[in-house]
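Commentary on secondary and tertiary structure
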Protein chains: 2
Amino acid sequence: MENYRLFLSAFCAAAITGSLSIIFVLIWVLHYREGLAWDGGSAEFNWHPVLMVAGLIFLQGTAIIIFRLPWTWACNKQVMKWIHACLHLLAFTLTVISTVAVFDFHNTAKIPNMYSLHSWLGIAAVILYCLQIVVGVVLYLIPITPVSWRAAFMPVHVFFGTLLFVGIISVALMGITEKLIFALKSPKYSQSPPEALFVNVLGVLLVAFGAIVVYTVTRVSWKRPNDQVLHSLHTDEVGEDNGKVGPKKTTTQDSEMRGNI
Amino acid sequence: MENYRLFLSAFCAAAITGSLSIIFVLIWVLHYREGLAWDGGSAEFNWHPVLMVAGLIFLQGTAIIIFRLPWTWACNKQVMKWIHACLHLLAFTLTVISTVAVFDFHNTAKIPNMYSLHSWLGIAAVILYCLQIVVGVVLYLIPITPVSWRAAFMPVHVFFGTLLFVGIISVALMGITEKLIFALKSPKYSQSPPEALFVNVLGVLLVAFGAIVVYTVTRVSWKRPNDQVLHSLHTDEVGEDNGKVGPKKTTTQDSEMRGNI
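Remember, it's a predicted structure, so these values are computed and weren't measured experimentally. (Residues numbered from 1 in each chain as written. Chains lettered and ligands numbered in written order. Predicted model: local features only at pLDDT ≥ 70, side-chain atom pairs only at ≥ 80, totals over all residues. Heavy atoms only, no water.)

1. Remarks on the packing of aromatic side chains
Residues and elements named next belong to chain A.
- Tallied over the entire structure, the rule returns 28 aromatic pairs over all chains.
- Where Phe11 meets Trp71, the ring centres are 5.2 Å apart and the plane angle is 70°; that geometry is what we call edge-to-face. Taken together, the residues Phe11 in helix H1 (residues 4-32) and Trp71 in the loop between helix H3 (47-65) and helix H4 (77-109) connect sequence positions 60 residues apart.
- We classify Phe11 as partly exposed; its relative accessible area is 27%. (Phe/Tyr/Trp six-rings, centres within 6.5 Å; stacked < 30°, edge-to-face > 60°. Helix = DSSP H or I, 4+ residues; strand = E, 2+ residues; numbered from the N terminus. Buried < 20%, exposed > 50% of the residue type's maximum accessible area, 1.4 Å probe, protein only.)

2. What about the packing of H3 of chain A against helix H7 (residues 194-218) of chain A?
Residues and elements named next belong to chain A.
- Contact geometry for H3 and H7: axes closest at 9 Å, N-to-C directions at 20°. Classified by the angle between their axes, H3 and H7 sit roughly parallel to one another. The crossing of H3 and H7 is left-handed. Listed contacts from H7 to Val53, Ile57, Phe58, Gly61, Ile64 and Ile65 of H3 are Leu206, Phe209, Val213, Thr216 and Val217.
- Of the residues belonging to the contact of H3 with H7, the class tally is nine nonpolar, two polar and no charged. (Axes fitted to C-alpha atoms, helices over the stretch in contact; angles between N-to-C directions. Parallel < 35°, antiparallel > 145°, perpendicular 65-115°, else oblique. Left-handed = near helix turned anticlockwise from the far one by under 90°. Contact = heavy atoms within 4.5 Å. Nonpolar A, V, L, I, M, F, W, Y, C, P; charged D, E, K, R; others polar.)

3. Re the nonpolar core
- Counting residues in each nonpolar core, the largest one holds 116 residues, and the members touching the most others are Tyr189, Leu202 and Leu206 of chain A together with Tyr189, Leu202 and Leu206 of chain B.
- Once residues within four sequence positions are removed from consideration, Tyr189 of chain B is found in contact with Tyr115, Ser116 and Leu117 of chain A together with Leu180, Ile181, Leu184, Ala196 and Asn200 of chain B. (Core = buried A, V, L, I, M, F, W, Y, C linked by side-chain atoms within 4.5 Å.)

4. Thoughts on the confidence of the model for chain A
- This prediction gives chain A a mean pLDDT of 90; 87% of its residues lie at or above 70.
- Below a pLDDT of 50 lies the segment residues 236-252 of chain A, which in the model reaches 39 contacts outside its immediate sequence neighbourhood of four places, other chains included. (pLDDT = per-residue confidence, 0-100.)

5. With respect to the pattern of salt bridges
All names here are of chain A.
- Using the criterion set out here, one finds six salt bridges over all chains in the structure.
- The partner of Arg219 in a salt bridge is Glu2, with the nearest N and O atoms 3.4 Å apart. Of the two residues, Arg219 is situated in the loop between H7 and helix H8 (225-237) and Glu2 in the segment before H1; the sequence distance between them amounts to 217 residues.
- Here Glu34 makes a salt bridge to Arg33, at a shortest N to O gap of 3.3 Å.
- Given the relative accessible area of 39%, Glu34 is considered partly exposed. (Salt bridge = Lys/Arg side-chain N within 4 Å of Asp/Glu carboxyl O.)

6. Notes on the side chain of Arg219 of chain A
- Overall, Arg219 of chain A belongs to the buried group, its relative accessible area being 1%.
- Separated by 3.4 Å, the side chains of Arg219 of chain A and Glu2 of chain A make a polar contact. (Polar contact = N/O pair within 3.5 Å; in protein donor to acceptor, adjacent residues only side chain to side chain.)

7. Focus: a nonpolar patch on the surface
Residues and elements named next belong to chain A.
- A contiguous nonpolar patch, built from Val134, Val137, Val138, Ile142 and Ile144 and spanning about 410 Å² of accessible area, is present on the exposed surface.
- With respect to the helices, strands and loops of the structure, Ile144 is situated in the loop between helix H5 (117-140) and helix H6 (147-183).
- Judged by its relative accessible area of 71%, Ile144 falls in the exposed class. (Patch = residues over 30% accessible without salt bridge, like charges linked within 9 Å, V, L, I, M, F, W, Y side chains within 5 Å. Areas by Shrake-Rupley, 256 points an atom, 1.4 Å probe, with all protein chains shown as cover.)

8. Thoughts on the side chain of Thr72 of chain A
- Here Thr72 of chain A shows up in the loop between H3 and H4.
- Residues contacting Thr72 of chain A, with those up to four places away along its chain left out, are Ile66, Met80 and Arg224 of chain A.

9. A closer look at H3 of chain A
- The first and last C-alpha atoms of H3 of chain A sit 26 Å apart over 19 residues, in line with the 27 Å expected at 1.5 Å per residue.
- Taken across its 19 residues, H3 of chain A has 16 buried, putting it largely inside the fold. (Expected span 1.5 Å × (residues − 1).)

What follows is the structure, encoded as structure tokens:
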């Protein structure tokens, strides 16, 4: 792998900021807030930030960079694709529980659902994430999908996956903003009590984690060697994502290629 | 240009969502809020969203995709670089005025500055944006910078520029959330008055504009023809952004190459 030291630094930084984000959100709800429960009250709401940070941010980020880990390049690509899909499915499961928790809390407290920009963009992101998983499974895990389709759709899969990941971090930052304004009354958010500073740092950690993951995944020279070849075919011979790669790919046996795309 | 129809659709969509964002933010402050003034009050604060949407989002987005417009490919690259830099400088000027407006409003109303996550990430983004402009001018507009440095730093310049643009849209969404919660009292934000729905749509427009700009700028086949060659050199021969392109580039006369990087 090229510039292995830089990769290792980025990987460690992602692991540290990602783990710290989970620790920070746990300390927030367990130490500063009402803890965790499933009783329709604030302690049920608290599952929302915890599961979103752990699932839709940390697990999704891990799923995104898993193909970049050079220690896995000797593994069968099909196995890596299953691990990638399972991490996304686990993230989606936590997201569903997290969403139920917040609706349940709102309904109990007679707070309207879906009024804020956070909720509009959040629900759109969850629906698009679900769609991305379904399309990903159909195209890349079901063995009958033509290799030409897989290759043609790959840049779109990667682009929308990365965009969704970044969008979800933005939605989380809006959620943090909402919660701090609503929850901090005396002293208020504007008086910067320790909880406000602590949760602001959580927001900074999420941004740092997101930036490192996106940097790692968009650096072409850190792709799996086979994927670098595919990127070069897309970029130089037929344009990056034009859907015209079929004829080129089908000159090789589908069965040989399918495992690698 | 490859897939010109798709490019044209993306370009029109960016122009429409970007222009609509400016119209929406103007209607917000002029129709729903206190208008625009420079008096230390709410009307002075209103310059903040207007100038940020017009400058740091619309003008920055335009500066980012300007190299992708095929109608400009016949123009001298040096001229395009000056237009790119001037758009960024204009965006930065509006940003400074916008930031002064919000500090002025806070100071007059005795509201603390820099307590929210929006302000932390916002000020960090403005500082990094300033740094990005300074480094960009030094590297790409001062004619003595070695071509090898320009080529080596280009992927970093593009990555951080795009990341900053996305980050700034996130910060704007947090700002919208804050303002709607603070400003809407009776009826409250949670009661979804017309202003709340209207400004939520503004948030959706900003996300759509950001997504289209990022899609346009990351599609390698839509780069200027010379830049596609550079991308291919980076990707296939020496890795995308490893800083080792010097010897390869210096085989060509610096004076010939400099205009193109």
